[in-house]
Each structure stands twice: as structure tokens, then as C-alpha cells.
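Each chain, letter by letter, is given below.
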Amino acid sequence: MTGAWRCVRGAVLLFGALFGQTTQPPAFDLADVHPSRHVTNPFMRGGTLRAGRYDVRTASMVDLIGAAYGVDAEKIHGGPSWLDVDRFDITAKAPADTPPETVKLMLQALLADRFKLKLHTDNKPIPAFALSMGKSKPKLKESDGKPSGCQGQPQNPQPGVVPLIVVTCVNRTMEQFAQDLRNMAGGYLTNPVVDRTGLKGGWDFDIKWTGRGALARAGADGISIFDAVDKQLGLKLQPEKLPVEVLVVDSVNERPTDNPPGVATSLPALPPAEFEVATLKPSRPDATGQRGRLQHGRVDAANLPLRTLIMIAWDINADELMVGAPKFVASAHYDITAQAPTPQPGVEVDFEDLRLMLRALLIDRFELKTHMEERPVDGYVLSSVKPKLQKADPSNRTGCKEGPGADGKDPRLTNPVLSRLITCQNMTMAQFVEQLPNLATGYAHVDVLDETGLTGAYDFTVSFSTVGLLRGGSLPSQPPATASGEGASDPSGALSLPDALRKQLGLKLELKKRRMPVLVIDHISEKPTEN
């Protein structure tokens with residue numbers, strides 16, 4: 001072998017070694033993966049790396065794919081029926097300074113390894129909203145290059161007047177504005193928004209509209225996001241099926257491969273759930289209004305009852321799920337300002353961590369002692385009367401979403417008082433009752449029990465009104481009966497969820513007593529310790 005050939009061969013081998021190193025996907029050092037325990041309101045929690053520990057809880061496979069590849073759920077297609085409903089917990093170890101983009105690659109590798117996930121990209125027509133040119137010239141001002149962004153403007157409406165959502169946008173491209181619209185007006189826009197205007201460059205403009213949930217109360221003074229885009233910007237926003245780049249699930253295992261032996265003891269311990277700094281003080285006696293926010297590692301609460309703070313900290317969404325509290329817990333109001341330690345610059349603090357930090361603060365400052373106990377609680381039970389359900393195609397993915405089905409029919413556009421529209425596909429009644437507390441906010445505060453006796457999977461749509469739009473603004477324990485024995489109609493045309501299920505699907509939703517876990521207050525001091 002000549003010296004020249006040896007040099008060439010050595011360079012090729014070196015390049016091959018380097019290429020192999022650079023193409024090896026980054027991976028977690030180790031990971032615990034298992035199905036989630038049942039929770040009343042299942043949604044993905046976590047998703048951040050903190051002190052070398054990455055935690056995700058109650059995440060569906062669609063959630064995990066979305067987090068790993070940075071795509072919206074609507075752009076994840078195919079796959080088995082369980083993709084949206086089975087939920088998993090992941091705890092993994094990685095260097096504490098791993099950048100977020102690298103964590104995504106690690107999650108991709110984990111899904112491929114433990115679930116044997118295989119994907120490909122494709123362009124498919126999906127339900128979307130097209131932002132396009134109107135009939136006349138757009139009412140937009142060319143930007144002079146100021147920093148780009150959209151900012152909500154504070155409003156001080158007169159008593160009894162439904163406030164508008166007012167947003168000022170500066171130097172926004174139409175592609176950016178399409179994404180802004182999806183984020184700002186999600187109550188209307190349950191599918192992706194795609195820019196079809198053809199407009200280039202940055203633009204300045206204001207836009208104001210009525211929130212979806214407030215449109216019925218606003219009456220003639222209300223304006224939908226569709227009319228606002230048309231009348232104020234000279235553009236059109238309408239539902240269409242549009243070709244969009246999507247991720248297609250070719251195959252994935254429902255059960256992850258087994259965890260390595262001893263993985264749980266080898267994972268980093270969770271850092272203490274404590275704020276770096278926190279101030280808690282009684283609200284001013286003349287304070288009006290209430291505000292509460294847990295965001296960006298910071299807690300800001302103003303004039304909130306102590307009872308509400310406890311319910312937030314323990315993730316309780318119904319008064320009857322907390323017992324034993326003295327009267328002052330409802331009447332004493334407090335302001336809290338607190339800051340959590342941030343995992344890394346630019347990385348959000350896990351909302352669940354903030355909740356635990358608030359819990360630790362209340363325990364410390366009020367000498368709070370509690371325990372969980374099963375007690376009789378009012379809970380909904382779903383039964384079958386004369387079912388009006390369409391048998392599902394078993395090859396379709398299982399799930400429910402807010403918004404119209406494949407036919408695009410949306411009764412909310414012509415009758416805003418029916419402000420909720422839920423479309424379910426390939427759903428058993430057992431799966432449906434599991435999702436009801438999450439789908440029907442304001443109605444079902446605890447787990448719903450399935451007594452329908454129906455074992456098949458179905459496709460259906462149900463349209464109803466929020467609790468705030470019902471007679472008196474609240475849900476009666478049992479609707480007043482008419483001569484026929486059915487619930488009386490609301491004079492406003494509003495339809496409660498129980499009435500909608502009965503009339504539209506032939507199902508009966510009623511309250512019954514049954515034993516549920518509740519938070520019992522054993523001890524709480526009336527005055528908090530000093531800051």
C-alpha cells in the first residue's frame with residue numbers, strides 16, 4: 001500500500017468516525033417510562049429540564065410527539081386509535097445545562113427507542129382557517145421597522161358592558177399574524193390559521209373583538225373575530241381544507257419497553273418545591289376585584305380568598321371537595337407575590353411545580369395540616385335513555401375536540417348562546433365520561449360515572465351553553481320540570497349540558513351522591529406568620 005493511499009484511507013476512516021459521532025442522536029442518560037395514574041383532568045404536565053431531571057406527566061402520545069417535534073396536535077396524523085387518550089409519565093436524566101432544543105432531540109430518541117415510534121412527513125389537506133385578501137384594499141399600515149409584536153390593551157368598560165379584546169400589532173408579517181390569531185382567539189379558531197394573503201413585509205394595525213364565551217351576552221354590541229378581521233382589517237378569515245405539512249405516524253407501540261432495573265433510584269431527586277422569595281399579606285379592606293396568575297416562574301395574587309388559594313395549591317376545582325375549613329378561610333383575602341427559581345434562562349417553570357410551591361408556602365405561613373379522605377360528594381352519572389349515536393369507524397383515532405366535525409357545521413355562528421361545541425370520534429362512553437370534567441368546565445367538577453351500559457365506540461357532536469349563560473348564571477342541581485317531566489327551556493335559548501345530552505344524544509346526566517376523595521383541613525391558623 002502506497003503512502004498516498006494510506007493517507008487517503010486514513011482520512012476516510014476519520015471522516016466516517018466523525019460522521020458517525022455527529023449523526024448519533026442525543027439521548028437521555030436513563031429514563032423511567034410508565035402509564036399514568038388516573039386523574040380527573042388529564043392534560044400534559046411538565047416538559048422542562050430542572051436540576052438534571054426531565055419530567056412529563058399525564059401526556060398522550062400526541063402530546064409527546066408534539067413536544068418532541070415542535071408541532072401542533074392537528075398536524076399529527078395517522079396512528080392507532082389510542083394515540084390521543086392513553087397517557088404516560090416520563091422521568092429522565094440529562095446534563096443540567098442541556099439546551100431545550102437538544103432536550104427535544106432526546107425525547108425523539110426516547111420515543112423511537114421505548115415506543116418504537118416511526119414517522120414521516122407529508123402534505124395533507126386538513127381543516128384550517130384561511131387568512132386571505134378581502135374585496136377591497138387592506139386596512140393596514142406599512143411598518144417603519146419598529147420591534148415586532150402584538151400587545152393586548154387594558155380596558156375599563158362601563159358596568160354591565162361586555163368588554164372587547166383589544167390588541168395592537170406592530171411590524172407583524174401576515175404569516176406571524178396568522179399564528180397570533182390562533183393564539184389570541186383560540187375560542188373561535190380551533191384549527192390552524194394559514195396565511196393566504198400574499199402580503200409581504202411588516203404591518204401595523206389594531207384589532208378588537210368579543211371573546212367567544214361573551215358573544216351571546218354582548219348581543220348586538222358583540223363582534224366575532226371573523227367580522228373583526230373583515231371590517232377592521234379588510235381581510236377574510238374563513239374555514240377551508242388546506243394542504244399543510246404534517247407528521248404521519250406509521251407505527252408505535254401502546255406499551256413502552258420495560259424500564260432498566262433500579263432506574264427509579266438512579267434518577268436525580270426533585271429540587272425542593274420552594275419559592276426563592278415570597279411575600280404574603282392581607283388584602284386592603286377596600287380592595288375590589290380579584291387577580292391570580294401563575295406564570296413565568298412568578299405568582300401574583302391580589303385580593304384572593306384563602307379558600308381559593310388552597311384550592312389552587314391542591315388542584316381542587318369544587319367547593320365540596322374541601323371540608324373542615326373554618327369560616328375565615330372564605331372571608332379572609334390575601335395578596336401574594338412570589339418568585340420561583342428558574343431552571344435555565346428562557347425555560348419556563350413547570351406549572352405543577354409552581355402549584356407545589358404555593359402549597360408549601362400556605363403550609364408554612366398558616367401552619368396548615370391536611371389529609372385526604374373519601375366522603376359522599378355530589379357527582380354526575382351518565383345513563384342511557386334513547387341513544388342517538390352513530391357507530392364509529394374503528395380505524396379512526398379516538399378523541400374529542402372543541403369545534404365542528406368533518407362537515408364543518410358550527411351552530412355557534414348562528415346561535416352564539418350555544419357557545420360550546422364538542423365533537424367526539426371513535427369514543428366509548430367509558431372514555432367519554434373520563435374526558436367530561438375537562439371538556440365541560442363548569443359542569444362536571446369530579447369524575448363522571450358511566451352507567452349507560454353501552455359498550456361500542458361512537459361518533460357524535462354535542463352543542464350546549466356555558467354555565468354562565470344559563471338562567472341566573474349558575475347550574476341548578478336539578479332542572480325545573482315541565483308538565484312532560486322534562487327540563488324547562490331557558491328563556492334565553494341557552495341549553496345546559498344535561499339537556500343537550502338528553503335532546504341531542506339520548507343520554508341522561510344527573511347528580512348522585514357517591515364517595516370521592518376530599519381534602520380535609522385538620523388545622524389552619526387564622527393569622528399567617530410574618531414575612
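Quantities reported herein were computed from a predicted structural model and do not represent experimental measurements.

**Thoughts on the nonpolar core**
Then, number 1: With 38 residues, the main nonpolar core has Phe275, Leu306, Ile310, Ile336, Leu362 and Ile524 as its most contacted residues.
Then, number 2: Mapped by element, the contributors of at least two residues to this core are strand E15 (298-305), helix H8 (306-313), helix H9 (328-331), strand E17 (333-339), helix H10 (351-366) and strand E24 (507-523).
Then, number 3: A total of six residues in this core trace back to one element, the largest contributor, which is H10.
Then, number 4: Excluding residues that lie within four positions of it along the chain, Phe275 makes contacts with Val299, Ala338, Gln339, Ala340, Pro341, Leu354, Met357, Leu358 and Leu361.
Then, number 5: Tyr380, Ala444, Tyr458 and Leu509 belong to the second largest nonpolar core, which has 34 residues in total.

**Quick notes on the packing of aromatic side chains**
Then, number 1: Within the structure shown, the criterion is met by nine aromatic pairs.
Then, number 2: On the numbers, 5.0 Å between centres and 80° between planes, the contact of Phe432 with Phe460 is edge-to-face. With a gap of 28 residues between them, Phe432 in helix H11 (residues 429-439) and Phe460 in strand E23 (residues 457-464) connect regions that are remote in the sequence.
Then, number 3: Phe432 gets classed as buried once you look at its relative accessible area, which sits at 2%.

**What about the layout of surface pockets?**
Then, number 1: Considering only enclosed or pocket space, the second largest pocket measures out at about 1100 Å³ in volume.
Then, number 2: Put simply, the parts of the chain that give the lining of the second largest pocket at least two residues each are strand E2 (45-50), strand E3 (53-60), strand E5 (87-93), H10 and E24.
Then, number 3: Of the residues assigned to the lining of the second largest pocket, the class counts are 15 nonpolar, nine polar and 14 charged.

**Here's the deal with the packing of helix H2 (residues 61-69) against helix H3 (residues 100-114)**
Then, number 1: For the pair H2 and H3, the least separation of the axes is 7 Å and the interaxial angle reads 140°. Judged on the interaxial angle alone, H3 and H2 are oblique. Along the contact surface, H2 presents Met61, Leu64, Ile65, Ala67, Ala68 and Tyr69, while H3 presents Lys104, Leu107, Gln108 and Leu111.

**Concerning the pairing of E24**
Then, number 1: Where strand E16 (residues 322-323) meets E24, two bridges bridge the pair, whose relative direction is parallel. When the sheet's bridge partners are listed, Val323 is paired in E24 with Val520.
Then, number 2: Across 16 bridges, strand E18 (residues 369-384) lies against E24 in antiparallel orientation. Bridge pairing in E24 places Met372 opposite Leu519.

**Focus on the sheet that holds strand E20 (residues 399-402)**
Then, number 1: If you trace the four strands from one edge of the open sheet to the other, you get E19-E23-E21-E20, paired in antiparallel fashion. The open sheet is flanked by strand E19 (390-391) and E20, the only strands paired with a single partner.
Then, number 2: Note that E19 and E23 share two bridges and pair antiparallel. What sits directly across from Gln390, in E23, is Asp459.
Then, number 3: Where H11 meets the sheet, it contacts E20, strand E21 (420-428) and E23, and its direction lies at approximately 150° from that of E21.

Rules used in this analysis
Residues numbered from 1 in each chain as written. Predicted model: local features only at pLDDT ≥ 70, side-chain atom pairs only at ≥ 80, totals over all residues. Heavy atoms only, no water. Core = buried A, V, L, I, M, F, W, Y, C linked by side-chain atoms within 4.5 Å. Buried < 20%, exposed > 50% of the residue type's maximum accessible area, 1.4 Å probe, protein only. Helix = DSSP H or I, 4+ residues; strand = E, 2+ residues; numbered from the N terminus. Contact = heavy atoms within 4.5 Å. Phe/Tyr/Trp six-rings, centres within 6.5 Å; stacked < 30°, edge-to-face > 60°. 1 Å grid on protein atoms, 1.4 Å probe; cavity = no way out; pocket = protein on both sides within 12 Å on 5 of 7 lines; lining within 4 Å. Points joined across faces, edges and corners; volume = space filled by probe spheres on them. Nonpolar A, V, L, I, M, F, W, Y, C, P; charged D, E, K, R; others polar. Axes fitted to C-alpha atoms, helices over the stretch in contact; angles between N-to-C directions. Parallel < 35°, antiparallel > 145°, perpendicular 65-115°, else oblique. Pairing = 2+ DSSP bridges.

Fair warning: the whole summary comes from geometry, so function is off the table for now.
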